[in-house]
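# Close look at the chain arrangement
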Amino acid sequence: MERQAVQRAKEAFLSGRTRPVEFRLQQLHALQKMITEKETEISTALKQDINRSQYDTPLLELIGIENEIKLAIEKLADWAAPRHVERNLLTISDEVYIQPEPLGVVLIIGAWNYPWALTLLPLVGAIAAGNAAVVKPSELSEYSSLLLRALLPRYLDKDLYPVVTGGASETQELLRIRFDHVFYTGSSSVGKVVMEAAARHLTPVTLELGGKSPCYIDKDCDIRVACRRITWGKFVNCGQTCIAPDYILCEPCIQGRVVECIRHTLLEFYGADPKCSPDYGRIINQRHFNRIMSLMEGYTPVVGGQSDSSQRYIAPTVLKDVPPHSRLMQEEIFGPLLPIVAVSDMDDAINFINEREKPLALYIFCSDKKAIKRFIEETTSGGVTVNDVMMHYTLSSLPFGGVGQSGMGRYHGKHTFDQLSHQRACLVRSLGMESVNLSRYPPQDRRRARRARMALKSSLIDMSKRTLIWAIVATIIGCGLFIALLVILLIAAGLNCTCWYWRGFYNYW
Amino acid sequence: MDSHRQAVDRLRSAFHSGVTLPEKFRRTQLTNLMSMIKENEEQILTALHKDLGKPKFEAILSEIDIVLNELHYAISNLTSWMQPEYVSKNLATKLDDCSVRREPFGVVLIIGAWNYPLQLLTLPMVGAIAAGNCVVIKPSEVSAATDSLIAELIPKYLSQDCYAVVRGGAEETKALLQIRFDHIFYTGSQSVARSIMQAASVHLTPVTLELGGKCPGLIYGRINITAAARRLVWAKFFNAGQSCVAPDYLLCTAATRDALLPALSQALEDFYGKEPQKSPDMSRIVSLRHWSRLIELLGKTSGKVVVGGERDQEDKYIAPTVVVDVAEDDVLMKEEIFGPILPIITVESVEKGIDFVNRKEKPLALYVFSDESSVVKTVLEKTSSGGFCSNDGIVHMTLPTLPFGGVGASGWGSYHGRWGFETFSHRRACMLRGWALERLNGLRYPPYSEDKLSWLRWTTSPKSCTLM
């Protein structure tokens with residue numbers, strides 16, 4: 001069944017109807033319409049999947065998707081246009097440009113924590129780039145998955161953008177089929193399987209994976225504001241966000257203050273009993289609930305710790321003085337547990353982070369600009385937000401993606417378009433000017449060789465610093481001389497006038 | 001192999017020490033690489049001649065000059081490439097510092113090929129070094145003389161802590177791929193590329209694959225047959241056809257073929273004389289194994305050899321050969337030829353030619369020869385390929401401003417010029433926020449309300465910038 005859907009999508013792509021920009025714009029408008037018209041249904045599905053609150057849905061998923069669609073609609077003509085580039089002497093009279101082209105049929109595998117954003121954001125880019133796309137939402141977010149399957153064909157071209165639902169076996173079946181690009185969001189372990197399957201067909205992949213995103217709080221920063229921002233980022237969607245601050249690093253002297261500020265903020269956000277707050281989520285399923293609960297075993301939290309298995313509820317929980325080698329610190333938590341690990345100073349924090357796998361996101365709370373600069377320069381991560389969390393995700397002009405174990409490739413805004421396009425190098429020459437070509441043909445001699453070498457030199461203008469300085473100095477001198485000449489002429493003209501004037505004057509007298 | 005692991009560990013420690021990060025270091029290494037090539041030009045030319053019978057002129061153009069051009073370009077532009085890129089912001093982030101930093105991946109592996117043994121190793125190296133990585137360099141063992149020359153020269157000119165040459169055959173490469181790298185850059189065949197990508201998937205290592213395929217040349221419409229023939233002959237028989245972007249086969253009408261054949265013969269005679277084997281400008285096949293493979297193709301084809309066909313096993317020489325009446329399922333059309341054999345397939349219209357091309361895998365390069373711009377345009381729009389060049393061959397890859405790479409079966413990723421720098425860099429999104437405007441942040445905190453939502457929609461909308 002999956003094979004048929006993919007085959008239909010392939011044939012639809014080969015028909016060429018995704019090529020015209022108008023078609024792509026029409027599909028994007030239709031997607032926009034779907035989001036606007038079906039917001040209530042989407043919210044309901046998310047509530048059933050993950051107890052997402054009525055406001056979290058637009059906040060965390062729909063606003064982002066709408067913004068991406070708006071941007072793509074506004075900029076598509078620009079993005080799809082050829083880009084002319086600098087030429088050398090040989091190609092001086094030719095057309096040299098880069099033409100973005102669609103890849104073909106893209107497979108998008110979504111995740112369950114933001115089922116709409118993580119399938120539709122890549123889809124926006126796939127449509128904009130002129131591809132067909134097979135969308136495979138996560139089966140763990142069951143209601144959203146079924147709703148997407150019902151809705152998408154009602155608004156978008158049925159053949160070009162099929163939705164395939166199902167579990168692990170359906171995904172494996174899909175991965176046996178050859179695609180032109182596979183876009184996967186999920187865990188690093190499954191990411192490896194996806195890449196290995198793609199290798200059989202030499203299919204390029206984009207892997208948006210996860211990891212433990214560290215959050216460093218400097219002792220001299222505004223701890224209250226830092227904790228408000230961290231608390232928001234950590235406990236939104238009940239901690240089930242790939243870029244949530246996974247753990248905190250700070251010096252022991254501020255640990256107590258951090259705990260108190262978080263406790264205070266939690267009260268403000270969710271009230272005394274977060275279980276009753278309409279704004280606090282739940283864990284996606286029993287398996288993850290058990291996994292997260294087991295991470296806490298043997299530790300006494302300083303905030304929260306309560307749970308209710310029947311509701312898959314885990315209270316916002318903070319643990320302090322967590323040892324670096326504990327289970328909590330071995331795997332991505334992906335839940336509402338916030339461990340605090342003590343470090344002796346900023347250098348210790350930097351070493352701690354560098355000893356571990358490259359994270360998807362890195363957070364630094366610090367007021368000292370120099371220290372921030374050093375922290376960024378001495379570490380690496382997919383992205384960084386300083387003095388806040390997760391916000392780098394919200395700006396579509398910033399490329400979003402991981403590095404190392406946290407992923408490869410990036411998207412958002414134009415970056416999705418670029419990621420799902422082929423940048424084709426085009427050189428359009430004429431058969432004229434054949435005499436210029438003579439120098440590169442055999443039989444070869446020194447003169448010909450020298451001419452050929454000249455023609456292929458990359459820069460027509462030497463862009464070195466020395467030449468630039470000479471150019472500037474020469475221009476200044478030239479201008480100076482020109483001005484001097486003007487002045488001389490003016491004076492001469494003036495003198496002349498004056499001479500005539502006085503002559504006239506004397507004559508008069 | 002223990003020695004390989006030790007080399008990689010040494011490079012990893014060097015990378016962690018931060019020595020490759022400063023611009024000065026990268027510039028010095030690139031300048032040293034430039035000196036290495038300039039000061040050893042004679043030795044390089046000799047090694048290339050030993051490996052491939054490469055004529056001095058071809059070697060200078062395709063192995064020395066192209067690399068020096070690339071180095072010059074990188075050295076001139078390094079400062080600007082390394083600068084953070086500031087991006088446009090929305091209302092919510094108006095006061096923030098939002099930029100993209102280019103950071104090196106770490107320790108990267110570059111695996112070269114034997115047809116342009118120096119170029120295909122050093123061109124990616126330029127990008128990798130400029131981006132601040134440490135590099136493990138694995139030249140192809142098939143081009144043995146160049147392999148040992150590179151192993152001898154690199155440690156003399158580049159930092160031995162940061163750049164290591166690793167040698168060996170298939171077994172050693174397999175063992176090397178067990179080690180974890182931060183990026184693997186491979187030039188070569190599709191079958192090997194599959195195993196490289198599979199090995200890379202174990203460590204989630206990103207890869208760049210510069211592969212090959214059959215690059216078609218379409219000749220349709222009104223055409224200056226003499227000029228077209230000369231450019232075709234140059235592009236096809238350069239390096240005895242052993243170029244990943246050489247036009248592999250031609251598609252044209254029967255009439256064009258009949259006009260083309262004498263033009264091709266004339267061009268061949270102009271270039272290589274009546275006996276190409278005696279011309280100093282004609283290359284040889286790299287090894288006996290490849291020579292035998294090509295001779296076998298000539299033996300099994302059901303096409304007719306109309307030009308060339310002469311061969312000399314001891315010299316590993318095959319004359320520039322043209323074969324006509326080749327069918328789509330002929331043995332010559334099964335895999336990339338990579339030799340001086342040019343099949344001509346007659347297809348009566350450009351549309352049928354385009355369909356023919358589209359039935360096959362996406363090639364690394366696609367060529368069309370025509371004086372009619374509508375023909376060129378149609379072919380361009382209805383096909384896909386890594387790169388495209390009309391009325392010439394190969395030269396599109398000499399421009400550092402154009403990305404060089406494949407699509408589909410012909411590869412993944414690109415390099416040359418800035419593209420090489422970007423391939424070996426991680427683009428890290430950085431947002432530096434201030435402590436103020438916490439009230440604005442309050443819009444996103446629970447407890448939620450309808451009001452907060454509308455404000456949020458407004459401040460994060462992409463159009464909201466135009467209000468400021």
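On a predicted model such as this, the values are computed, not experimentally measured, just so you know.

Time to look at the overall build of chain A. Secondary structure assignment for chain A yields 17 helices and 16 strands. In summary, chain A has a C-alpha radius of gyration of 31 Å against a globular reference of 23 Å for 509 residues, an excess of more than 25%. Across the 509 residues in chain A, those meeting the buried criterion constitute 58%. Of all intrachain contacts in chain A linking residues separated by at least 6 positions in sequence, the fraction that spans at least 24 positions is 72%. As displayed, chain A offers around 21300 Å² of accessible surface, 58% of which is attributable to carbon and sulfur atoms.

Residues and elements named next belong to chain A. Burial of strand E12 (residues 337-342) is extensive: 5 of the 6 residues sit out of reach of the surface. Looking at chain direction, strand E8 (residues 247-250) and E12 are connected through 3 bridges and run parallel. Bridging from a neighbouring strand, isoleucine 248 pairs with isoleucine 340 of E12. With 3 bridges joining them, strand E11 (residues 317-319) and E12 adopt parallel strand pairing. Across the sheet, the residue bridging to threonine 317 is leucine 337, located in E12.

On to the UniProt feature "active site" (unreviewed entry) in chain A. Residue and element names in this part refer to chain A. Residues given the UniProt feature "active site" (unreviewed entry) here are Glu208 and Cys242. Taking the farthest pair of C-alpha atoms as the criterion, the annotated set spanning 35 residues converges on one region, since that pair is 9.0 Å apart. Here glutamate 208 lies in strand E6 (residues 205-208). Residue glutamate 208 is classed as buried on the basis of its relative accessible area of 3%. If we skip the residues at most four places from it in the chain, glutamate 208 touches Phe183, Tyr184, Thr185, Gly186, Phe400, Gly401, Ser406, Gly409, Arg410 and Tyr411.

What follows covers the packing of aromatic side chains. According to the stated counting rule, one finds 22 aromatic pairs over all chains in the structure shown. Through successive ring pairs, a cluster of aromatic residues spans Phe269(A), Tyr270(A), Tyr280(A), Tyr313(A) and Tyr445(B). The cationic tip of Arg440(A) hangs over the ring face of Trp234(B); the distance from NZ or CZ to the ring centre is 4.0 Å. The lysine or arginine in question, Arg444(B), covers the ring of Trp232(A), its NZ or CZ lying 3.9 Å from the ring centre.

This part covers the interface of chain B and chain A. In many reports, interface size means the accessible area that the parts give up when they come together. Counting from both sides, the interface comprises 104 residues of chain B and, opposite them, 116 residues of chain A. For the pairing of chain B and chain A, the buried interface totals around 9300 Å² over both sides, and the portion due to carbon and sulfur atoms is 58%. Together, Leu204(B), Trp435(B) and Tyr448(B) form the three largest contributors to the area buried by chain B at its contact with chain A, with a combined 10%. Where chain B touches chain A, the interface holds 9 salt bridges. For Arg444(B), the salt bridge goes to Asp388(A), with nearest N and O atoms at 2.6 Å. In this assembly, chain B and chain A are joined by 45 residue pairs in polar contact (both at pLDDT 80 or more). The class makeup of the residues in the side of chain B that touches chain A is 50 nonpolar, 30 polar and 24 charged.

All names here are of chain B. Ordered by their spatial adjacency, 6 strands build an open sheet running E5-E4-E3-E6-E7-E17, and the pairing between neighbours is mixed. Taken across any chain shown, the strands that pair with only one partner, and hence form the sheet edges, are strand E5 (163-165) and strand E17 (411-412). In the packing of helix H1 (residues 2-16) onto the sheet, the strands contacted are strand E3 (107-111), strand E4 (134-138) and E5, and the crossing angle to E4 comes to about 155°.

Our next topic: the pairing of strand E2 (residues 95-102) of chain A. All names here are of chain A. The buried fraction of E2 is high, at 7 of 8 residues. In this structure, strand E1 (residues 83-84) lies alongside E2, joined through 2 bridges in antiparallel fashion. Looking across to E2, one finds that arginine 83 is bridged to isoleucine 98. In the sheet, E2 pairs with strand E16 (residues 421-428) via 8 bridges, with the strands oriented antiparallel. Bridged to valine 96 within E16 is leucine 427.

This paragraph deals with helix H5 (residues 117-128) of chain A. Residues and elements named next belong to chain A. Taking 1.5 Å as the rise per residue, H5 with 12 residues should run 16 Å; its terminal C-alpha atoms sit 16 Å apart, in good agreement. For H5, the buried fraction is high: 12 of the 12 residues fall into the buried class. Turning to H5, its buried residues are Ala117, Leu118, Thr119, Leu120, Leu121, Pro122, Leu123, Val124, Gly125, Ala126, Ile127 and Ala128. Looking one or two residues past H5, glycine 130 carries a phi angle of roughly 90°, positive in sign.

Residues and elements named next belong to chain B. Taken as a whole, chain B is organised into domain 1 (2-211 + 414-426), domain 2 (216-405) and domain 3 (435-467). Opposite the 23 residues of domain 1 that make contact, domain 2 presents 24 residues. Summed over both partners, the interface of domain 1 with domain 2 buries about 2100 Å², with 59% contributed by carbon and sulfur atoms. Contact with domain 2 buries area across many residues of domain 1, yet Glu58, Trp114 and His416 alone supply 25% of it, more than any other trio. On the surface where domain 1 and domain 2 come into contact, there are 0 salt bridges. Summed over the shared surface of domain 1 and domain 2, the number is 9 residue pairs in polar contact (both at pLDDT 80 or more).

On to the sheet that holds strand E1 (residues 85-86) of chain B, then. Sheets are built from strands paired through backbone hydrogen bonds, the pairs being either parallel or antiparallel. Taking strand neighbours across the sheet as the criterion, the 9 strands line up as E11(A)-E12(A)-E8(A)-E7(A)-E13(A)-E14(A)-E18(B)-E2(B)-E1(B) in an open arrangement whose pairing is mixed. With one partner strand each, in any of the chains shown, E11 of chain A together with E1 of chain B form the two edges of the open sheet. Judged from the 3 bridges that link them, strand E7 (residues 214-217) of chain A and strand E13 (residues 361-365) of chain A form a sheet pairing that is parallel. Residue pairing in the sheet places Cys215(A) in a bridge with Tyr363(A) of E13(A).

Next up on the list: the UniProt feature "active site" (unreviewed entry) in chain B. Residue and element names in this part refer to chain B. Here, the residues flagged by UniProt with the feature "active site" (unreviewed entry) are Glu210 and Cys244. With respect to the secondary-structure elements, glutamate 210 resides in strand E7 (residues 207-210). The contacts of glutamate 210, once residues within four sequence positions are left out, are Phe185, Tyr186, Thr187, Gly188, Phe404, Gly405, Ser410, Gly413, Ser414 and Tyr415. Relative to the helices and strands, cysteine 244 is located in the loop between helix H9 (225-237) and strand E9 (247-252).

In this section: the packing of helix H2 (residues 21-37) of chain A against helix H6 (residues 142-155) of chain A. All names here are of chain A. Running from amino to carboxyl end, H2 crosses H6 at an angle of 135°, the nearest separation of the two axes being 9 Å. Comparing their axes, H6 and H2 come out oblique. For the pair H2 and H6, the sense of crossing is right-handed. The residues of H6 that touch H2, namely those facing Ala30, Leu31, Lys33, Met34 and Glu37, are Leu148, Leu151, Leu152 and Tyr155. A per-class count over the contact of H2 with H6 returns 7 nonpolar, no polar and 2 charged.

Before going further, it helps to spend a moment on the side chain of Arg24(A). All names here are of chain A. Structurally, the position occupied by arginine 24 is in helix H2. Comment: no salt bridge for buried arginine 24; closest opposite-charge side chain is glutamate 22, at 8.3 Å. Within the local environment of arginine 24, its side chain forms a polar contact with the backbone oxygen of alanine 128, the two atoms lying 2.7 Å apart. When residues no more than four places from it in sequence are discounted, the contact partners of arginine 24 are Thr18, Arg19, Leu76, Ala80, Ile127, Ala128, Ala129, Gly130 and Phe417.

Core analysis: the largest hydrophobic core is formed by 332 residues, its most contacted members being Met34(A), Trp116(A), Leu120(A), Leu123(A), Leu152(A) and Ile248(A). Among the elements that line this core, the one with the most residues is helix H4 (residues 56-82) of chain B, at 14 residues. Residues in contact with Trp116(A), not counting those within four places in the same chain, are Met34(A), Ile42(A), Leu46(A), Glu61(A), Ile65(A), Leu121(A), Ser144(A), Leu147(A), Leu148(A) and Leu151(A).

A separate point is the UniProt feature "domain: Aldehyde dehydrogenase" (unreviewed entry) in chain B. Per the UniProt record, the feature "domain: Aldehyde dehydrogenase" (unreviewed entry) sits at residues 5-427 of chain B. Structurally, residues 5-427 of chain B is divided into 44% helix and 18% strand, and its ends, taken at the C-alpha atoms, are 28 Å apart.

To continue, consider the packing of helix H3 (residues 41-52) of chain B against helix H6 (residues 144-157) of chain B. Residue and element names in this part refer to chain B. One can describe the packing of H3 onto H6 by two numbers: an axis separation of 7 Å at closest approach and a directional angle of 150°. Taken together, H3 and H6 sit at an angle that is classed as roughly antiparallel. Here Gln43, Ile44, Ala47, Leu48, Lys50 and Asp51 of H3 lie close against H6, whose contacting residues are Ala144, Ala145, Thr146, Leu149 and Glu152. Here the contact of H3 with H6 is composed, by residue class, of 6 nonpolar, 2 polar and 3 charged.

Rules and cut-offs
- Residues numbered from 1 in each chain as written.
- Chains lettered and ligands numbered in written order.
- Predicted model: local features only at pLDDT ≥ 70, side-chain atom pairs only at ≥ 80, totals over all residues.
- Heavy atoms only, no water.
- Helix = DSSP H or I, 4+ residues; strand = E, 2+ residues; numbered from the N terminus.
- Rg over C-alpha atoms; globule rule 2.2 N^0.38 Å.
- Buried < 20%, exposed > 50% of the residue type's maximum accessible area, 1.4 Å probe, protein only.
- Contact = heavy atoms within 4.5 Å.
- Areas by Shrake-Rupley, 256 points an atom, 1.4 Å probe, with all protein chains shown as cover.
- Pairing = 2+ DSSP bridges.
- UniProt positions renumbered as here; feature names shortened; annotations may be inferred.
- Phe/Tyr/Trp six-rings, centres within 6.5 Å; stacked < 30°, edge-to-face > 60°.
- Lys NZ or Arg CZ within 6 Å of the ring centre and 35° of its normal.
- Buried area = accessible area lost by both parts, 1.4 Å probe.
- Salt bridge = Lys/Arg side-chain N within 4 Å of Asp/Glu carboxyl O.
- Polar contact = N/O pair within 3.5 Å; in protein donor to acceptor, adjacent residues only side chain to side chain.
- Nonpolar A, V, L, I, M, F, W, Y, C, P; charged D, E, K, R; others polar.
- Axes fitted to C-alpha atoms, helices over the stretch in contact; angles between N-to-C directions.
- Expected span 1.5 Å × (residues − 1).
- Domains from an automatic or database assignment.
- Parallel < 35°, antiparallel > 145°, perpendicular 65-115°, else oblique.
- Left-handed = near helix turned anticlockwise from the far one by under 90°.
- Lys, Arg positive; Asp, Glu negative; His and termini not counted.
- Core = buried A, V, L, I, M, F, W, Y, C linked by side-chain atoms within 4.5 Å.

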